[in-house]
Amino acid sequence: MKVLRCRDAGADCDFEARAETEEELMKLAAVHGKADHGFADGVPTEVATKLQSLIRDE
Ligand SMILES: [Zn+2]
């Protein structure tokens, strides 16, 4: 299971995404970023790159 925590990216946010694949995880992150962090046009590439480096395997 892959896990991505918004807090690890420096956001004051308790969101945590869990998915079987990195692709699915980034989809969840995009939905969350749009809903809660104002990324109306999707998560910017530089943010997505940072998030990918924060993904953990559990
Ligand atoms: Zn968040």
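Note: the structure precedes this text.
Presented here is an overview of the structure given in this document. Along every chain, residues carry numbers that run from 1 in the direction the sequence is written. Local features in this predicted model are restricted to residues of pLDDT 70 or higher, and side-chain atom pairs are both shown and tallied only at a pLDDT of 80 or more, whereas totals for entire chains, interfaces and linings draw on every residue. Water and hydrogen atoms were dropped before computing side-chain values, which therefore reflect all heavy atoms in the structure.

Let us look at the nonpolar core. The set of buried Ala, Val, Leu, Ile, Met, Phe, Trp, Tyr and Cys residues whose side-chain atoms join them within 4.5 Å is what this entry labels a nonpolar core. Buried means the residue's accessible area, taken with a 1.4 Å probe over protein chains only, is under 20% of the maximum for its type, while exposed means over 50%, and partly exposed covers the values in between. L4, A17, A19, L25, M26, A29, A48, L51 and I55 form the largest nonpolar core, which has nine residues in total. Only β2 (16–19), α1 (22–36) and α2 (45–54) provide two or more residues apiece to this core. Only DSSP runs of H or I reaching four residues or more are called helices, and only runs of E reaching two or more are called strands; each is numbered from the N terminus. Per-element tally for this core: the top contributor is α1, with three residues. Contacts were defined at the residue level, with two residues in contact if any of their heavy atoms lie within 4.5 Å. Not counting residues within four places of it along the chain, the set of residues in contact with L25 comprises K2, V3, L4, A17, R18, A19 and I55.

Any carboxyl oxygen of Asp or Glu that lies within 4 Å of a side-chain nitrogen of Lys or Arg is treated as forming a salt bridge with it. Here the structure, examined in full by the defined rule, presents nine salt bridges. The residue E58 makes a salt bridge to R18 at a minimum N-O spacing of 3.2 Å. One end of the pair, E58, is in the segment after β3 (56–57); the other, R18, is in strand β2, and 40 residues separate them in sequence. With relative accessibility at 39%, the residue R18 sits in the partly exposed group. One salt bridge connects E24 with K27, and the closest N-O pair in it is separated by 3.9 Å. Separated by three residues within a single helix, E24 and K27 lie in helix α1, roughly one turn from each other. On the accessibility criterion, E24 (36% relative accessible area) is partly exposed. Several salt bridges share partner residues, and in doing so they unite R5, E16, R18 and E58 into one network.

The values reported here are purely geometric and, on their own, carry no functional implication.
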